[in-house]
Amino acid sequence: MTIEKLYAEPHRRFNPLTGEWVLVSPHRGQRPWDGQMEATDAPACVGYDPNCYLCPGNQRAGGAHNPNYGSTFVFTNDFAALKPDVRPMTQDESGRGLLLSESEAGTCKVVCFSPRHDLTLARMTIPEIVRVVDAWAEQYAELGSLPYVDYVQIFENRGEIMGCSNPHPHCQIWANQTIPNEPRKEQKSQRDYAEKHDACLLCDYVQLEMKAAMRMVVENAHFAALVPFWAVWPFEVLLVLKSHTGDIVSLDSGMREGLADIFKQVTARYDNLFQTSFPYSMGFHQAPTDGGAHPEWHLHAHFYPPLLRSATIRKFMVGYEMLASPQRDITPEVAAVTLRNLAGIHYADLKPR
Ligand SMILES: [Zn+2]
Ligand SMILES: [Zn+2]
Ligand SMILES: [Zn+2]
C-alpha cells in the first residue's frame, strides 16, 4: 500500500515528543479548503486605547502605571499565578502518593510586544519583532538564573476564544521551580532518542520534513515552520530551529532575525486563512534552567490554533478526545498545503492604501 493510500484510511500517528498517539480520520474531512468565508469582528483598530491596561501610560488594575514605553515592556503580573516566597512543603498524606502535594515557587511576567494597541506579530516589522525575541531571551536568562527557577515557559494566548480578552500584543512568561508536564515529557523523549540513536530527535525530524516537503509551510535560513506529522489541532504548526541549539539565549543576531521573520510569516498566513485575527496558543519549549547540561534539548515553538473551517467554526476537544485520544479529520498534509499556499504578508497590508 502506498503512503498516500495509507493516509487516506483511518489511522493513528505517533508523537515522538510526547509519546502519545493521535487518531486521523481523513475520510471525514479530506477535501481541499472550499473557500467558505464568514464575516467576523474587525480586529482592534486604534493605536491607543485609554481603557487598556497594557497601553503606555495607563493604570493597571493593581494600581501601577505603565511607563510611556517605546518598544517592548516587561512587568511582573499583578495577579500572578505563582509567587517566589512560598514555604517549602511536601505532603504525602496516605504515604502511597494518593494525596500528594508540594509547594511550588515561581513568578509570572507579562511582555508587551509594542506600544501600539492595534498591532500583532503578523503586522509588526522584522526589527520590531527582533526586539520581542531579545526580550524573550533576556527574560529566559534572567528568570532562569534565579536559584529557585528550573523552567521558563514563554507563551502567548491570542483571541477571546483562547481566553485572551485584551487584543494588545503581549505574551506571558511563567517561571517555576519544577519542570511542567509537557516539557518534562518532551525532555524524556529527546533524552531517550539521543541515547538510542546518538542523534537529536528534532534535528533528525526537521531534516526528514525538509526532504519530504509535504508538511512544510515556510522556511528561511535558520527556521522551518511545518505542520507536524502528529498534529492534533487542524492548523497546528511546529517551528523548529534548523541547527542544534537548546535555548533562545544561544541564538545569534542572524538567528533572531530568522525567528522574527518566521513568526511574521506564520502569523500572517494564519490571519490570511480566514481573513480574521486568528486565535491560537503559542509557546516555546527549550532547555530547563535547573543547572544541568541539556544537550538533548532542541529549541522549538508550538502553535495550537482551534479554528477548523472558518473564523467561527472551531475544533472542540470533547467526547472521544477527553476520554480516549485526540482525533482529527483533515490530514496534516492537507493543512500544510493550505497554509503554504497563502501569502506570507498580512491581508490588511496587501490592500492598496
Ligand atoms: Zn493596549
Ligand atoms: Zn537538535
Ligand atoms: Zn515541544
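We now turn to the structure provided with this report.

## Describing the overall build of the protein chain
Logical step 1: Summing up its helical and strand segments, the protein chain has eight helices and 14 strands in all.
Logical step 2: Taken over C-alpha atoms, the radius of gyration comes to 21 Å for the protein chain, in line with the 20 Å a tight globule of 353 residues would show.
Logical step 3: In terms of overall dimensions, the protein chain has C-alpha extents of about 60 × 60 × 40 Å along its principal axes.
Logical step 4: Counting only residues that meet the buried cut, the protein chain has 49% of its 353 residues in that class.
Logical step 5: Sequence-distant contacts, at least 24 apart, represent 68% of the contacts inside the protein chain between residues at least 6 apart.

## What to know about the packing of helix H3 (residues 181-197) against helix H4 (residues 201-212)
Logical step 1: Between H3 and H4, whose axes approach to 8 Å, the crossing angle comes to 85°. On the basis of their axis angle, the class for H3 and H4 is roughly perpendicular. For the pair formed by H3 and H4, the contact residues are Ser189, Gln190 and Tyr193 on the first element and Leu201, Leu202 and Asp204 on the second.
Logical step 2: For the contact of H3 with H4, a count of residues per class yields three nonpolar, two polar and one charged.

## Looking at the coordination of the zinc ion (ligand 2)
Logical step 1: The zinc ion (ligand 2) binds to the protein through Cys200 (SG), Cys203 (SG), His244 (ND1) and His298 (ND1), with metal-donor distances spanning 2.0 to 2.3 Å.
Logical step 2: Geometry at the zinc ion (ligand 2) is tetrahedral, judged from the four donor atoms that bind it and their angles of 105 to 114° at the metal.
Logical step 3: For the zinc ion (ligand 2), the single-chain donor residues occur in sequence as C-x2-C-x40-H-x53-H. Placement of the pair is His244 in the loop between strand E11 (237-241) and helix H5 (253-274) and His298 in the loop between strand E12 (280-285) and strand E13 (300-304), with a sequence separation of 54 residues.

## Observations concerning the nonpolar core
Logical step 1: Counting 56 residues, the largest nonpolar core has Trp136, Ile248, Leu259, Phe263, Tyr270, Phe284 and Phe303 as the members making the most contacts within it.
Logical step 2: With sequence-adjacent residues up to four places away left out, Phe284 is seen in contact with Trp136, Tyr151, Gln153, Ile154, Ile248, Leu259, Phe263, Leu299, His300 and Ala301.
Logical step 3: Ranked by size, the runner-up nonpolar core spans 16 residues in total, among them Leu17, Val22, Cys200 and Val206.

## Comments concerning unusual backbone geometry
Logical step 1: If you check the backbone angles, Asp198 has positive phi at about 55° while not being a glycine.
Logical step 2: Within the secondary structure, Asp198 is located in the loop between H3 and H4.
Logical step 3: In this structure, Gln275 is a non-glycine residue whose phi angle is positive, near 50°.
Logical step 4: Note that Gln275 resides in the loop between H5 and E12.
Logical step 5: Judged by its relative accessible area of 37%, Gln275 is partly exposed.

## Overview of the sheet that holds strand E8 (residues 170-176)
Logical step 1: Spatially, E3-E6-E8-E7-E12-E13-E11-E10-E9 is the arrangement adopted by the nine strands of the open sheet, whose pairing is antiparallel. Edge strands, defined here as strands with exactly one partner in the open sheet, are strand E3 (73-76) and strand E9 (216-219). The mean angle between the axes of side-by-side strands here comes to 20°, regardless of whether they run parallel or antiparallel.
Logical step 2: Here five bridges tie strand E7 (residues 151-158) to E8, and the two strands are oriented antiparallel to one another. Within E8, the position partnered with Ile154 by the bridge is Ile173.
Logical step 3: Where helix H2 (residues 126-144) meets the sheet, it contacts E3, strand E6 (106-112), E7, E8 and E12, and its direction lies at approximately 165° from that of E6.
Logical step 4: Those strands touched by helix H7 (residues 332-340) are E9 and E11, and its axis lies near 40° from that of E9.

## Things to note about the coordination of the zinc ion (ligand 1)
Logical step 1: With distances of 2.0 to 2.3 Å, the protein atoms coordinating the zinc ion (ligand 1) are Cys52 (SG), Cys55 (SG), His117 (ND1) and His168 (ND1).
Logical step 2: Taken together, the four donor atoms coordinating the zinc ion (ligand 1) and their angles of 105 to 115° define a geometry best described as tetrahedral.
Logical step 3: We classify Cys52 as buried; its relative accessible area is 4%.
Logical step 4: Exposure remark for His168: the relative accessible area of 1% places this residue in the buried category.

## As for H7
Logical step 1: With seven of its nine residues buried, H7 lies for the most part within the structure.
Logical step 2: Turning to H7, its buried residues number three or more, namely Pro332, Glu333, Val334, Ala335, Ala336, Thr338 and Leu339.
Logical step 3: Buried residues in H7 make contact with helix H1 (3-8), strand E1 (11-15), E9, E11, H5 and strand E14 (327-328).

## Details of the packing of H2 against H5
Logical step 1: At their nearest, the axes of H2 and H5 sit 8 Å apart, and the two run at 115° to each other. Handedness of the crossing formed by H2 with H5: right-handed. Two secondary-structure elements touch here, H2 through Ile126, Ile129, Val130, Val133, Asp134, Trp136 and Ala137 and H5 through Arg256, Glu257, Leu259, Ala260, Asp261, Phe263 and Lys264.
Logical step 2: Of the residues belonging to the contact of H2 with H5, the class tally is nine nonpolar, no polar and five charged.

## Some words on the packing of aromatic side chains
Logical step 1: By the definition in use, this model includes 17 aromatic pairs.
Logical step 2: On the numbers, 5.7 Å between centres and 75° between planes, the contact of Phe155 with Trp174 is edge-to-face. In this pair, Phe155 sits in strand E7 while Trp174 sits in strand E8, placing the two residues 19 residues apart along the sequence.
Logical step 3: Judged by its relative accessible area of 18%, Phe155 falls in the buried class.
Logical step 4: Judged by its relative accessible area of 33%, Trp174 is partly exposed.
Logical step 5: In textbook terms, an aromatic cluster arises when at least three aromatic residues are bridged by ring pairs, as seen for Phe113, Trp136, Phe235, Phe263, Tyr270, Phe274, Phe278, Tyr280, Phe284 and Phe303.
Logical step 6: Above the ring of Trp21, the side-chain terminus of Arg12 is found at 3.7 Å from the ring centroid.

What counts and what doesn't
Residues numbered from 1 in each chain as written. Chains lettered and ligands numbered in written order. Predicted model: local features only at pLDDT ≥ 70, side-chain atom pairs only at ≥ 80, totals over all residues. Heavy atoms only, no water. Helix = DSSP H or I, 4+ residues; strand = E, 2+ residues; numbered from the N terminus. Rg over C-alpha atoms; globule rule 2.2 N^0.38 Å. Buried < 20%, exposed > 50% of the residue type's maximum accessible area, 1.4 Å probe, protein only. Contact = heavy atoms within 4.5 Å. Axes fitted to C-alpha atoms, helices over the stretch in contact; angles between N-to-C directions. Parallel < 35°, antiparallel > 145°, perpendicular 65-115°, else oblique. Nonpolar A, V, L, I, M, F, W, Y, C, P; charged D, E, K, R; others polar. Donors = N, O, S within 2.8 Å, 3.2 Å for Na, K, Ca; no water. Tetrahedral: all angles 85-135°; square planar, octahedral: opposite > 155°, others 65-115°. Core = buried A, V, L, I, M, F, W, Y, C linked by side-chain atoms within 4.5 Å. Pairing = 2+ DSSP bridges. Left-handed = near helix turned anticlockwise from the far one by under 90°. Phe/Tyr/Trp six-rings, centres within 6.5 Å; stacked < 30°, edge-to-face > 60°. Lys NZ or Arg CZ within 6 Å of the ring centre and 35° of its normal.

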